[in-house]
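# Understanding the architecture of this molecule
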Amino acid sequence: MRPTRRFLLVGEGNFSFSASLCDASDHGTHITATCYESEERVSKQALAKNNIQHLRGKGVEVCFCVDCTNLKDYFLPAKRNFDCIFFNFPHCGRKAGVTKNRELLAKFFCRSQDKSFSVEGALNHIFTRSLPFLHPRPVICQTELEGKWVSFQVPEIFMDKINRGFLDTKSDHPVRTINDKLIAQLSQAFPLQRVDHSLSLLHQGHLSAVSQSNTFWIIPNTEQNPSSESICKGTARGVLFPGLHFCKDIGQDDRMKAQEGDQLSEHYCLRSSLLVYVQDVVRRLSFFPGTLHVLTGPVFRKCLISPHTLPVFHETLFICAVDKGTEGSYIQMLMDNIKNTISSLLPSLSCFTLNSMVQEAKSSETIELNDSVMPEPPLDKTQYFICVKTDTADSKASGPCIGAISAAPCGPVNSELGIVFASVNLDLLAMQICGISDWRMLWTLDERFLNQFIGGELGPFKSFSLHPPSYVHDVSFWVPEWEQFDEIAFHTIARCVSQEMVMSIQLLDSFQHPETGQTSLCYRLTFQSCDKALTRQKVAEMQMQFRKEIQQCLHITLR
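Owing to the predicted nature of the structure, the values given are computational and were not obtained by experimental measurement.

Quick look at the overall build of the chain now. Looking only at helices and strands, the chain features 12 helices and 24 strands. For the chain, the proportion of its 559 residues judged to be buried stands at 47%. Put simply, 73% of the contacts in the chain that link residues at least 6 apart link residues at least 24 apart. Total accessible area computed for the chain in this model is approximately 28,300 Å², and 49% of it derives from carbon and sulfur atoms.

So this is what it looks like as structure tokens:
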């Protein structure tokens, strides 16, 4: 027989949560619901009387005038063993103030939890509502490559980031607002033209030119005569990317595998930057010297996990054909206009300074923006990196890099012209302007995020999850002797398994066996969600799955 679970609810108002919990619980659960006020006063609240009657009819113990800071005074020692204690929205009243509310929590934690009151692993503090933890369905995309319609399955970590419409005309997302302001500012200095022709999510990669460890390689399947009928049968989403015919969700039974079907002759990867299309755009458009062409869209890459390292972001690329010898003046014009736009968005928030750096191209691998991109034709030796810096930051640090400006020869299209272009990471710029500390918040489905930017207003973001719980798990393993450990793959597996719930990965220790020479690594994973209800049990499941995946994919030996 299953043992009885005992739940205690304190600080209840109209007992609506108690009633819902009672209806959702099985017969093996004993619930005690308590309230600080008297039954007479509580019964005057809407729905309270009906909820109390419903609870008592279900055998729930309902108690009144219970002070949650002195629980031991209300329960005999034999009845103090609870599996869970719920304190929903802990506060002293609407006008009590922060100080009194903090005192309430301090007393609840310190005074009521004495040695005779068993609460180990039983405290659930609910400060605000959160989104449920959902598993997105697999997504299949169709596009045209090499004259054929092909389909490919979107990598798991991007399934909830396809067709989000951040850049749509009616979008209030800060990424779109900042992009519009940049374009408006530059249109005052340059004749400007948006590039509307299709740019596929997939790019024909070269294994020797693009870092394999930083790129999502895709093996497309050829499709025979795709029609709109197949879209109607599925749960098709709106098209965001111009190069896509459609995107649709698929069920587990219909999942398309990359290993099946006809395959194309070339290697393809998800585009890691719009820079890969510079030469293609130059060939396809009538480039007049001085005209600024604009491309905007999402790009994808593998990278280490941190709040400011983005595996997917929206990039805007400004391309301008110029007469040879005039590249320097156009670079300065682009830089001045971009800096003026950013400066106009920052003063109302806090004092920021903008720096531009001149570095050797060989150092570009350390730059956040496009660390795995090798565009054709190759860039000039000198690049300018646009950085945003706060007064409180280290005076020696340059600040986060949100953009890069450089030049390149026009190539075989026109030997008399050169190309100047600027690449801007819109997501990282939005984080700096709006004070968003975690890139994942930009992709949240919680309406409270976009409600802060209605009508294109750009102000400091106010977090609605002040104290999200975090969970720490360590993993130790032996690295295989015959291959080099791929740390980026290690982080990517963590992203995939946790659905971006891992907020940091820290190397705690590295040890080399004195006899065998084999290396052992120990990492600490911190799980935390900025918008979802993440439980200890869910994190434990993720950690177990993560251990299985790294054994299979990285061939490590767990310790």
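A word on the side chain of Ser-18. Summarising the element assignment, Ser-18 is placed in helix α1 (residues 16-24). Take Ser-18: its relative accessible area is 0%, and that puts it in the buried class. For Ser-18, the side chain forms a polar contact with the side chain of Glu-12, separated by 2.6 Å. Setting aside anything within four residues of it in sequence, one finds Ser-18 in contact with Leu-9, Glu-12, Ala-33 and Leu-55.

It is the contact of helix α5 (residues 174-187) with helix α8 (residues 327-345), at a shortest axis distance of 9 Å, that shows an interaxial angle of 135 degrees. Between α5 and α8, the crossing angle belongs to the class labelled oblique. Relative to α8, the crossing made by α5 is right-handed. Packed against α5, whose contacting residues are Ile-178, Lys-181, Leu-182, Gln-185 and Leu-186, the element α8 presents Leu-334, Asn-337, Ile-338, Asn-340, Thr-341 and Leu-345 at the interface.

Right, let's get into the pattern of salt bridges. Per the counting criterion, the structure on display carries 11 salt bridges. Two residues, Arg-41 and Glu-37, come together in a salt bridge whose shortest N-O distance is 3.7 Å. The class for Glu-37 is partly exposed, based on a relative accessible area of 26%. Between Lys-161 and Asp-160 there is a salt bridge; the shortest N-O distance is 3.1 Å. Looking at Asp-160, the relative accessible area reads 34%, which means it is partly exposed. Through salt bridges that share partners, Arg-176, Asp-180 and Arg-194 make up one connected network.

Let us now look at the confidence of the model for the chain. In this model, the chain carries an average pLDDT of 78, and 76% of its residues clear a pLDDT of 70 or more. Counted against residues more than four places away or in other chains, residues 348-354, with its pLDDT under 50, gives 21 contacts. Low pLDDT, under 50, characterises residues 359-377; the predicted model gives this stretch 50 contacts beyond four residues in sequence or across chains.

Bringing the packing of α1 against helix α3 (residues 48-57) into the picture now. The N-to-C vectors of α1 and α3 enclose an angle of 35 degrees; their axes lie 9 Å apart at closest approach. Regarding α1 and α3, the two cross each other, and that crossing is left-handed. On α3, the residues touching Ser-16, Ser-18, Ala-19, Cys-22 and Asp-23 of α1 are Asn-51, His-54 and Leu-55. In terms of residue class, the contact of α1 with α3 is built from 3 nonpolar, 4 polar and 1 charged.

What follows concerns the packing of aromatic side chains. Per the stated rule, a full pass over the model turns up 19 aromatic pairs. An angle of 85 degrees between the planes, with centres 6.0 Å apart, marks the rings of Phe-461 and Phe-464 as edge-to-face. Take Phe-461: its relative accessible area is 14%, and that puts it in the buried class. Here Phe-490 and Tyr-523 contribute two aromatic rings whose centre-to-centre distance is 4.6 Å and whose plane-to-plane angle is 35 degrees, an arrangement assigned as tilted. Of this pair, Phe-490 sits in helix α11 (residues 487-498) while Tyr-523 sits in strand β23 (residues 519-528); the two residues are 33 residues apart in sequence, bridging distant segments of the chain. Phe-490 sits in the buried class, given a relative accessible area of 0%. Through a chain of ring-to-ring contacts, the aromatic side chains of Phe-477, Phe-485, Phe-490, Tyr-523 and Phe-546 assemble into a single cluster. The ring of Phe-216 carries the charged tip of Lys-302 above its face, separated from the ring centre by 5.3 Å.

What follows deals with α8. The end-to-end C-alpha distance of α8, which contains 19 residues, comes to 28 Å, matching closely the 27 Å that a straight helix rising 1.5 Å per residue would cover. Residues of α8 that are buried include every one of Glu-327, Ile-331, Leu-334, Met-335, Asn-337, Ile-338, Thr-341, Ile-342 and Leu-345, and no others. Considered in projection along α8, the buried side chains sweep an arc of 165 degrees and stay on one side of the axis. Turned more than 90 degrees from where α8 packs its buried face, Gly-328 and Ser-344 sit exposed.

So, on to unusual backbone geometry. Positive phi values are uncommon outside glycine, yet Glu-500 reaches one of about 65 degrees. One can find Glu-500 in the loop between α11 and β22 (502-512). At His-555, a position not held by glycine, the phi torsion is positive, near 60 degrees. Following the sequence through the fold, His-555 ends up in the loop between α12 (536-554) and β24 (557-558). With a relative accessible area of 41%, His-555 lands in the partly exposed category.

Further remarks concern the sheet that holds strand β9 (residues 202-204). What the 3 strands build is an open sheet, ordered β9-β14-β10; its pairing is antiparallel. For this open sheet the edge positions go to β9 and β10 (217-218), each flanked by a neighbour on one side alone. Note: β9 against strand β14 (residues 268-270), 3 bridges, orientation antiparallel. Considered in β14, the bridge of Leu-202 is made with Leu-270.

With that settled, the discussion passes to the sheet that holds strand β21 (residues 470-478). With antiparallel pairing, 4 strands are arranged side by side in an open sheet as β22-β23-β21-β24. Among the strands making up the open sheet, the edge pair consists of β22 and β24. Bridging between β22 and β23 involves 9 bridges; their strand directions are antiparallel. Residue pairing across strands places Ile-505 opposite Leu-525, the latter belonging to β23. Those strands touched by α11 are β21, β22 and β23, and its axis lies near 140 degrees from that of β22.

Attention shifts here to the environment of Leu-295. Secondary-structure assignment places Leu-295 in strand β15 (residues 292-300). When the C-alpha positions of Leu-295 and Leu-199 are compared, they lie 9.3 Å apart, and in sequence the two are 96 residues distant. Dropping the residues within four chain positions of it, Leu-295 is found in contact with Val-195, Leu-199, Leu-274, Val-281, Glu-315, Thr-316, Leu-317 and Ile-319.

So, about the environment of Phe-485. Relative to the helices and strands, Phe-485 is located in the loop between β21 and α11. Residues Phe-485 and His-555, 70 residues apart in the sequence, show an inter-C-alpha distance of 9.4 Å. With sequence-adjacent residues up to four places away left out, Phe-485 is seen in contact with Phe-477, Val-479, Phe-490, Leu-521, Tyr-523, Leu-554 and Ile-556.

Calculation criteria
- Residues numbered from 1 in each chain as written.
- Predicted model: local features only at pLDDT ≥ 70, side-chain atom pairs only at ≥ 80, totals over all residues.
- Heavy atoms only, no water.
- Helix = DSSP H or I, 4+ residues; strand = E, 2+ residues; numbered from the N terminus.
- Buried < 20%, exposed > 50% of the residue type's maximum accessible area, 1.4 Å probe, protein only.
- Contact = heavy atoms within 4.5 Å.
- Areas by Shrake-Rupley, 256 points an atom, 1.4 Å probe, with all protein chains shown as cover.
- Polar contact = N/O pair within 3.5 Å; in protein donor to acceptor, adjacent residues only side chain to side chain.
- Axes fitted to C-alpha atoms, helices over the stretch in contact; angles between N-to-C directions.
- Parallel < 35°, antiparallel > 145°, perpendicular 65-115°, else oblique.
- Left-handed = near helix turned anticlockwise from the far one by under 90°.
- Salt bridge = Lys/Arg side-chain N within 4 Å of Asp/Glu carboxyl O.
- pLDDT = per-residue confidence, 0-100.
- Nonpolar A, V, L, I, M, F, W, Y, C, P; charged D, E, K, R; others polar.
- Phe/Tyr/Trp six-rings, centres within 6.5 Å; stacked < 30°, edge-to-face > 60°.
- Lys NZ or Arg CZ within 6 Å of the ring centre and 35° of its normal.
- Expected span 1.5 Å × (residues − 1).
- Arc of directions from axis to C-beta.
- Pairing = 2+ DSSP bridges.

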